[in-house]
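# Analysis of the macromolecular model
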Amino acid sequence: MPPAASRAAVFVLAAVLASAIGFDLWRVPVQVSDSLGEMLAAQESPSVTQSFRNALGATSYLRPLRIAQIKALFDLSQGNYRLAYRGFHVLLLVSLVLLFTRALRVESGVDAAAAAFALTVLIGLHTFLGFLREAFPINHFLEIAVLTLVAVNLTLSRGGVWADILAAITFTCAALTLESGVLVWVVIVAGRLCGCRGVSTRGVVLVTALLGGYFLLRFWYLDTGLPSLTERSTGFLLERLEPSEIQKRFGDAPMVFYAYNVAASLLSVLFSEPREGVFVAVRAWMRDDVQPREYLAVLSSIGLTAVMGWAAIRWWRQDQPLGRPERLALIAVAVLLANAALSFSYTKDDIVALAGVFYALVAYAAMRTLLTSARAGGAVRALVVSVGLLVLASAWVMRASGVHHVISEHAFRTRNDWAELPMAWQREGRWPTRPEPLAVIERLRNDALDAPVPNPQLAPEWRSRWYGD
C-alpha cells in the first residue's frame, strides 16, 4: 500500500472513531457533581484575570489556568452552557485522536495495521474513560493529554524557532492547568535524548528554565505545598481507605503508602489491575464473583504488555539504530514512569489516563515490530502470529466497543442527577435564592432533562457483565 493511501486510511479510521465517541459524548449533559459549583463560581467572578489571580492563592495545588478557562468559557457561552462546555469537550477528544494518529507517522501497510491496533488500545484501555466521565466543566485530564501529544508532534517535527516557541507555550499552558502538565517537559527532554530533533537544545533549555520557574513559583513564592495523606480517599490492596484510615495506617510511614500508589498506578496501565488502587479482579476472584469484563481487561492487557516486552528485547539486541517508532516508544516509557510517580499521593484512573495514551503509542511500535518479524519469518511463523493477533485484537476491539455503553450509562445517571437536584440541594440547604444562579441552574437542568438519553435498563444484560458501567 502506498504511503499516502496508508496514512489516509488510518486518518479516516481515526476520524470515524472520534466522531462516534464525540457524538455519544455530546449527548451527555453537563454534570452536577463538581461542574455546577465551579460554573456558579465562574458566574460570580468579575473577570478571567481575577479568576486566574484568585486561583494563585490556593493551597496544595497550582491550577490558575484551569479556573480561568472555566470562567472564559462561561463568558463566551452567552447562556449556551452545554454548547460551550460539552462542545469544547468534544473538540478536545477529536484533537486527542487526530494528534495521536499524526504522531504515528504511518508510511506503509504494516504501519497502518499497527496504527489501527493502537487506536483500539487507546480507546479500549480503561483509563480512556477518564477523558469522558470527568465531572469538572472542562476535562482537564484530557486537555493535558492533548498538550502532551502536541509536544510529541513538536519533537517529531522538522524543528525551527517556532517549534521551540510552541514547546515553551505548550509547557506553560499545561503546567498552569494541572500538575501533570509538567510531563510536557518529560516528553521534550526524552525526545531530545532519543534523537528526535524537532525541539532544539535551545528549546529544551528554555522549557527546563520554565520548569525551574514553575517550582520556584509553587514551592517558594506561593508556598502551595503538596497534597497531604488526608487529602482524599484512595484504594489500597483490596479495599478503599478514607483519609482518617490512611492517616492512622500510614501516618508514621508515608513512604510506604506513596510507593504503593506509584506501583499501583503503573500496574494499572500495564495490566488493567489494580483499578484506582484496588485489586478489583483479585477481590472478585476471592468472592467467586468474577465478571467477564475482568477477564477481558486483565488478559488482553497481559497479552499486549507481553508483546511489548518481547519487542523491547528485539530492539535491545538489534545492531541497527532505532527508528522513529522505537524512539516514540522510549518517549512513551519515560512518560509512563513519570506519570506513575506523579500519582504518589493517591491513585485514580483519571490521573494515569495520560499514561494510557502513551501505552497505546508503545503498542503501535511493538505491534509494528511483531508484524515485520512475522512477515520475515516464513509461513509457519506468520500463521502463528496471525492467530495470536486475531485473538488479541478481538479482545481489544471488544474493550473499545464498550466505551459507547459506558457513556450511555453515564449520561443517564447525569440526567437523573439533574432531576433530583432541587430536592437534594434544598434538603442540604444549598439551594440558591438569588435569580442569577437560579437562571444558570434552570438552563442547565432543562438542557439535561431534554437530552435524548437512552435508558440503559432497556439494554441487554450481557452489556453490563462485559462492559461494566
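The coordinates are above.
Along every chain, residues carry numbers that run from 1 in the direction the sequence is written. Local features in a predicted model are, by the rule used here, given only for residues with pLDDT of at least 70; side-chain atom pairs are given and counted only at 80 or more, and totals for whole chains, interfaces and linings are based on all residues. With hydrogens and water stripped out, all remaining heavy atoms of the structure feed into the side-chain values.

## Describing the packing of aromatic side chains
Note the following rule: Each Phe, Tyr or Trp ring (for Trp, its six-membered ring) is paired with any other whose centre lies within 6.5 Å, and the angle between the two planes then decides the class: stacked below 30 degrees, edge-to-face above 60, tilted in between. Only protein chains enter the accessibility calculation, which uses a 1.4 Å probe; a residue whose area is less than 20% of its type maximum is buried, one above 50% is exposed, and one in between is partly exposed. In this description a helix means any DSSP run of H or I spanning at least four residues, a strand means any run of E spanning at least two, and both kinds are numbered starting from the N terminus. Put simply, a charge is over a ring when the Lys NZ or the Arg CZ is close to the ring centre, within 6 Å, and near the line of the ring normal, within 35 degrees.
Evaluated as defined, the whole model comprises five aromatic pairs. Ring centres 5.2 Å apart and planes at 20° place the aromatic pair F74 and Y81 in the stacked group. Residue Y81 is classed as buried on the basis of its relative accessible area of 9%. Geometrically, the ring pair formed by Y258 and F344 is edge-to-face, given 5.1 Å between the ring centres and 85° between the ring planes. Taken together, the residues span a long stretch of sequence, with Y258 in helix 13 (residues 254-271) and F344 in the loop between helix 16 (324-342) and helix 17 (353-376) at a distance of 86 residues. Taking relative accessible area as the criterion, Y258 reaches 17% and is therefore assigned buried. Among the aromatic residues, ring-to-ring pairing joins F257, Y258 and F344 into one connected group. Over the ring of W396 we find R399, and its NZ or CZ is 4.3 Å from the ring centre.

## Description of the nonpolar core
For clarity, the cut-off: We define a nonpolar core as any set of buried Ala, Val, Leu, Ile, Met, Phe, Trp, Tyr and Cys residues linked to one another through side-chain atoms lying within 4.5 Å. Contact definition: two residues touch when any of their heavy atoms are within 4.5 Å.
Counting 132 residues, the largest nonpolar core has Y85, F100, F128, Y359 and M367 as the members making the most contacts within it. Residues in contact with Y359, not counting those within four places in the same chain, are V121, L125, V269, L270, S301, L304, T305, M308, L336 and W396. L241, F250, Y260 and A264 belong to the second largest nonpolar core, which has eight residues in total.

## Regarding the environment of V387
Tracing the backbone through its elements, the reader meets V387 in helix 18 (residues 378-428). On the accessibility criterion, V387 (47% relative accessible area) is partly exposed. Once the C-alpha coordinates of V387 and L238 are considered, the two residues, 149 residues apart in sequence, prove to be 35 Å apart.

## Quick look at a nonpolar patch on the surface
Note the cut-off: Surface patches are drawn from residues lacking salt bridges whose relative accessible area is over 30%; two like charges belong together within 9 Å, two nonpolar side chains (Val, Leu, Ile, Met, Phe, Trp, Tyr) within 5 Å. Exposure was quantified through the Shrake-Rupley algorithm and a 1.4 Å probe, taking into account, for residues, occlusion by the shown protein chains and nothing else. Think of a salt bridge as a Lys or Arg side-chain nitrogen and an Asp or Glu carboxyl oxygen that are within 4 Å of each other.
Among the surface-exposed residues, L237, L238, V282, W285, M286, Y295, L299 and I302 lie close enough to one another that they form a single nonpolar patch of about 820 Å² accessible area. Counting only elements with at least two residues in the nonpolar patch, the list comes to helix 14 (280-286) and helix 15 (292-317). When you line up the elements, L299 lands in helix 15. According to the relative accessible area criterion, L299 is exposed, its value standing at 54%.

## What about empty space enclosed by the protein?
Condition: Grid points spaced at 1 Å and placed over the protein atoms alone form the basis of the search, with a cavity being a set where a 1.4 Å probe fits but cannot get out and a pocket an open set showing protein on both sides within 12 Å along at least five of seven lines. Lining residues have an atom within 4 Å of a point. Grid points are joined across faces, edges and corners, and a volume is the space filled by probe spheres set on the points.
The full count for this structure, using the stated rule, is three cavities of 30 Å³ or more. If you add up the space inside the largest cavity, you get close to 40 Å³. In this structure, the largest cavity is lined by A264, S265, S268, P274, E276, G277, T347, K348, D349 and V352.

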